[in-house]
Amino acid sequence: ILYFLLAGIPNYAQYVFNDELLVNNLKYLSSDQLGGRLFGTKESEQSGQFIESQFKANGVSPLGKSYTSPFSFDKGLASYEGVNVIGLIKGTTKAGSYKVVSAHYDHLGGKNDKIFNGADDNASGTCALFAIAEFFQNNPPQHDIILVAFDAEEQGLKGAEAFVAKPPVALNKIAVNVNLDMVARADNGELVACGTFYYPQLKPILEKIPTEKKVKIVFGHDDPSRYKGASNWTQSSDHGPFHTAKIPFIYFGVEDHNDYHKPTDDFGKINQDVYKNCVQLIIKSIALVDQELN
């Protein structure tokens with residue numbers, strides 16, 4: 001268990017974090033047992049059921065009648081189906097204003113008898129959702145927080161597109177999307193917060209976050225005059241459809257590494273201490289955004 005102070009956030013004086021459970025969840029979600037979590041497969045369904053069970057275990061309510069939100073999309077001449085998993089943490093004083101925290105749980109499945117387990121991409125972000133749920137269950141937020149595990153991100157952000165196209169709440173009630181995609185492999189000691197170029201009101205909030213021993217928040221990958229092509233992350237993950245809908249976003253991620261989209265993106269490549277520190281920084285950031293952004 002990790003304890004630390006969230007400076008300047010009086011309602012969140014003490015934080016309790018089950019780091020062992022975080023690591024165990026990551027180990028399971030990125031295991032061969034789940035076959036690379038390709039959307040539309042039985043392993044994807046098992047992954048969704050695991051996410052739902054973790055939401056329930058952490059006191060996250062369904063947003064509506066069910067945690068699951070099926071959607072369909074066309075690609076080429078074929079039609080496909082996916083399932084987003086959505087939960088709600090009720091706010092205490094400013095309910096009806098929403099922060100959406102998201103991570104995609106799908107990955108690439110298998111190819112040539114090799115499993116693409118996607119430990120960093122993006123079992124790491126999905127398992128961080130459970131730690132976030134744990135924190136806010138013990139320290140209720142001011143605003144409502146919607147937790148979303150998106151499906152079919154690897155197919156072109158299809159789960160996020162479906163969410164924004166048919167949102168469970170009015171889009172003008174969503175103050176920000178905090179998206180997590182590849183948040184474990186901060187091997188250079190830097191966790192990137194992308195999005196403040198477009199939404200500069202978010203940067204002073206994040207700048208208040210104390211730097212961890214192993215990891216610090218840095219900014220970038222959003223200014224189109226500096227970042228071109230694949231190095232510009234503005235539409236690179238599920239925050240993209242939110243930005244298109246003019247909803248502010250913070251995208252937490254790490255620089256691409258040698259195991260990106262390869263069968264070697266395995267649990268064993270994760271530095272567990274670095275991953276824990278990344279999740280700490282993310283939760284501190286969400287708590288401060290909840291405190292300061294209406």
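Remember, predicted model here, so these are calculated numbers, not experimental data.

**Description of the packing of aromatic side chains**
A complete count under the given rule lists 16 aromatic pairs for this structure. On the basis of an interplanar angle of 65° and a centroid distance of 5.7 Å, the ring pair of phenylalanine 39 and tyrosine 80 is categorised as edge-to-face. Separated by 41 residues along the polypeptide, phenylalanine 39 in the loop between α1 (19-29) and α2 (42-57) and tyrosine 80 in strand β5 (residues 78-89) bring together distant segments of the chain. By relative accessible area, tyrosine 80 is classed as partly exposed at 32%. Centroid distance phenylalanine 50 to phenylalanine 130: 5.8 Å. Interplanar angle 85°. Geometry classified as edge-to-face. With phenylalanine 50 in helix α2 and phenylalanine 130 in helix α3 (residues 119-138), this residue pair connects regions lying 80 residues apart in the sequence. Since its relative accessible area comes to 13%, phenylalanine 50 is described here as buried. Clustering of aromatic rings is evident, with ring pairs tying together Tyr28, Phe50, Phe55, Tyr67 and Phe130. We note lysine 203 situated over the ring of phenylalanine 219; from NZ or CZ to the ring centre the distance is 5.0 Å.

**Focus: the side chain of aspartate 121**
With respect to the helices and strands, aspartate 121 occurs in helix α3. Sequence-distant contacts of aspartate 121, that is, excluding residues within four places in its chain, are made with Arg37, His104, His107, Glu154, Asp181, Met182, Tyr260, His261 and Asp265.

**Describing the nonpolar core**
Core analysis: the largest hydrophobic core is formed by 69 residues, its most contacted members being Val101, Ile132, Leu147, Leu180, Leu191, Phe252 and Tyr275. Among residues more than four places away in sequence, those in contact with tyrosine 275 are Leu22, Leu26, Ala123, Ser124, Cys127, Ala128, Val183, Ala184 and Ile270. Tyr98, Ile146, Ala160 and Phe163 belong to the second largest nonpolar core, which has 14 residues in total.

**Some points on the confidence of the model for the protein chain**
Looking at the protein chain as a whole, the pLDDT averages 93, with 94% of positions reaching at least 70. Low pLDDT (under 50) marks residues 1-14, which in the prediction has 40 contacts with non-local residues, meaning those over four places away or in another chain.

**Some details on the pattern of salt bridges**
Following the criterion strictly, the structure yields nine salt bridges and no others. Among the ionic pairs, arginine 185 bridges to aspartate 187, the shortest N-O distance being 3.0 Å. Salt-bridge contacts for aspartate 259 lead to lysine 269; the nearest nitrogen and oxygen are separated by 3.0 Å. With aspartate 259 in the loop between β13 (249-253) and α7 (272-292) and lysine 269 in the loop between β13 and α7, this pair connects stretches of sequence that are ten residues apart. Taken together, the shared-partner salt bridges in this structure form one network comprising Arg185, Asp187, Asp259 and Lys269.

**Section: empty space enclosed by the protein**
Here the structure, examined in full by the defined rule, presents two cavities of 30 Å³ or more. Here the largest cavity defines a volume of roughly 50 Å³. Elements with a contribution of two residues or more to the lining of the largest cavity: α1 and α3.

Definitions and limits used
- Residues numbered from 1 in each chain as written.
- Predicted model: local features only at pLDDT ≥ 70, side-chain atom pairs only at ≥ 80, totals over all residues.
- Heavy atoms only, no water.
- Phe/Tyr/Trp six-rings, centres within 6.5 Å; stacked < 30°, edge-to-face > 60°.
- Helix = DSSP H or I, 4+ residues; strand = E, 2+ residues; numbered from the N terminus.
- Buried < 20%, exposed > 50% of the residue type's maximum accessible area, 1.4 Å probe, protein only.
- Lys NZ or Arg CZ within 6 Å of the ring centre and 35° of its normal.
- Contact = heavy atoms within 4.5 Å.
- Core = buried A, V, L, I, M, F, W, Y, C linked by side-chain atoms within 4.5 Å.
- pLDDT = per-residue confidence, 0-100.
- Salt bridge = Lys/Arg side-chain N within 4 Å of Asp/Glu carboxyl O.
- 1 Å grid on protein atoms, 1.4 Å probe; cavity = no way out; pocket = protein on both sides within 12 Å on 5 of 7 lines; lining within 4 Å.
- Points joined across faces, edges and corners; volume = space filled by probe spheres on them.

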